[in-house]
Amino acid sequence: MKLFAGLEGIVKSEAPLAPYTWFGIGGPAQYLVEPSRADQLAEVLRRCRENELPTYLLGGGANLLVDDAGVRGAVIKLSGEEFCSVRFESGSIIAGAGADLSKMVLRTVREGLSGMECLTGIPGSVGGAVRMNAGGAFGDIGSVVESVELMDTDGVAFSRSRGDLVFGYRSTNITSKVILGAQFRLAEDDPHRILSQVKQIWIYKKNTQPLGTRNAGCIFKNARGTSAGALIDKAALKGHRFGGAHVSDKHANFILADDGTRASDVLKLINLIRETVYKKFEIYLEMELEVW
Ligand SMILES: Cc1cc2nc3c(=O)[nH]c(=O)nc-3n(C[C@H](O)[C@H](O)[C@H](O)COP(=O)(O)OP(=O)(O)OC[C@H]3O[C@@H](n4cnc5c(N)ncnc54)[C@H](O)[C@@H]3O)c2cc1C
């Protein structure tokens, strides 16, 4: 591990990635790097750049499919304490990218701060949520972002504030490799009212999504104002399967992975869905899921 000499304590070679993803499938990372501090992270990024080793940022793995062959390069996970802190400061939250999104949302309820209820039931990390502009019918995280802390591949940290940021449908204009953390501006409100909103969203999700299964949320983005799930449903693909991967009967935009599923099963099912929907409706479904 000459490339990471002196950093052996935070680097694992050929490390399985399946346990780090919600699908729970896929091959290993050539290197899995879990820095404890920002200076270590910067050093890792610099060495990867100098050696032309591709880098990937892993959050909670809730929107990710790892190929059966795994990932060549360095997969970086911001699990160190320094990257996972959450601090409340007069109506704001300052959170590290590695912090758990759902736990943060629940804390905002207890603190009587409104604005993050729309993220109820969305798993993953704060960094992943900002990168994806996570959200849905109830709103998205971008609408409460005040500023973000970023790091480029030279290991240089810098910030961007609200005026520089554009959040779109499951997208942002953030191009730098690493989101280190973000500050969110929330509004004071009655904790009971916020909790009741959270409960309503939770019940809606429980009724419409296959909870308790292995999946990665919506596979495709909605297209031309039509829900991708409705298109897949109309194409009669609910329940369709390849190996252990099958289209959920409850929500057609969810693919579920039974025990023994291979990433290739999921990819075959994705291709079949795209081809069928295109043939029937002339709509090419774009991926929301990221494939490594
Ligand atoms: C049951 C279920 C329900 C879901 N419901 C929704 C929903 O309602 N709405 C919704 O939007 N999503 C939903 N998702 C998808 C997923 O929860 C979100 O996309 C989430 O924001 C992904 O966060 P993550 O930390 O898991 O990111 P990952 O899946 O780990 O990564 C996603 C992307 O973010 C990048 N990334 C992660 N961390 C960083 C970082 N620190 N810096 C830079 N880039 C980073 C990754 O490189 C990758 O490109 C659902 C998923 C599941 C399993």
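Residues numbered from 1 in each chain as written. Predicted model: local features only at pLDDT ≥ 70, side-chain atom pairs only at ≥ 80, totals over all residues. Heavy atoms only, no water.

Draft legend 1. Main features of the overall build of the protein chain. For the protein chain, the count of helices and strands is 6 helices and 20 strands. Here the protein chain has a C-alpha radius of gyration of 19 Å; the compact-globule value for 292 residues is 19 Å, and the two agree. Along the three orthogonal principal directions, the C-alpha set of the protein chain runs to about 55 × 50 × 30 Å. Relative to its full complement of 292 residues, the protein chain shows a buried share of 49%. Sequence-distant contacts, at least 24 apart, represent 65% of the contacts inside the protein chain between residues at least 6 apart. Accessible surface, the protein chain: about 13600 Å² in total, of which carbon and sulfur atoms supply 49%. Across the protein chain, 34 positive and 34 negative side-chain charges occur, with their mean positions spaced 4 Å apart. (Helix = DSSP H or I, 4+ residues; strand = E, 2+ residues; numbered from the N terminus. Rg over C-alpha atoms; globule rule 2.2 N^0.38 Å. Buried < 20%, exposed > 50% of the residue type's maximum accessible area, 1.4 Å probe, protein only. Contact = heavy atoms within 4.5 Å. Areas by Shrake-Rupley, 256 points an atom, 1.4 Å probe, with all protein chains shown as cover. Lys, Arg positive; Asp, Glu negative; His and termini not counted. Charge placed at Lys NZ, Arg CZ, Asp CG, Glu CD.)

Draft legend 2. Representation of the site of the ligand. In the region of the ligand, 34 residues are neighbours, and L57, P123, S125, G135 and E290 sit closest. In the environment of the ligand, an oxygen atom lies 2.9 Å from a nitrogen or oxygen atom belonging to the backbone of G61. Separating an oxygen atom of the ligand from a side-chain N or O atom of K205 is a distance of 3.0 Å. Protein chains bury 94% of the 970 Å² of accessible surface belonging to the ligand in isolation. The set of elements that each furnish at least two residues to the shell around the ligand consists of strand 3 (55-58), helix 3 (126-132) and strand 15 (178-185). Broken down by element, the residue count for the shell around the ligand peaks at 5 residues, all from helix 3. Taken together, the residues that form the shell around the ligand break down as 16 nonpolar, 12 polar and 6 charged. Residue-level mapping places the shell around the ligand at the junction of two domains, with at least three residues from each of domain 1 (2-81) and domain 2 (84-207). (Near = heavy atom within 4 Å. Polar contact = N/O pair within 3.5 Å; in protein donor to acceptor, adjacent residues only side chain to side chain. Nonpolar A, V, L, I, M, F, W, Y, C, P; charged D, E, K, R; others polar. Domains from an automatic or database assignment.)

Draft legend 3. Fine view of the nonpolar core. Counting residues in each nonpolar core, the largest one holds 27 residues, and the members touching the most others are L101, M116, V130 and F184. Here F184 is in contact with G91, S92, I93, A95, M104, M116, V126, V130, I141, V144, V145 and E146, once residues within four sequence places are set aside. Counting residues in hydrophobic clusters, the runner-up holds 26 residues, among them I25, A216, L269 and L289. (Core = buried A, V, L, I, M, F, W, Y, C linked by side-chain atoms within 4.5 Å.)

Draft legend 4. Main features of the state of the cysteines. All told, the structure shown has 0 disulfides when counted by the stated rule. Counting only cysteine sulfurs, C48 is the nearest neighbor of C84, a cysteine outside any disulfide, at a range of 20 Å. Here C118 stays free of any disulfide, with the sulfur of C218 as its closest cysteine sulfur at 15 Å. (Disulfide = S-S within 2.5 Å.)

The analysis is restricted to geometry; functional conclusions fall outside its scope.
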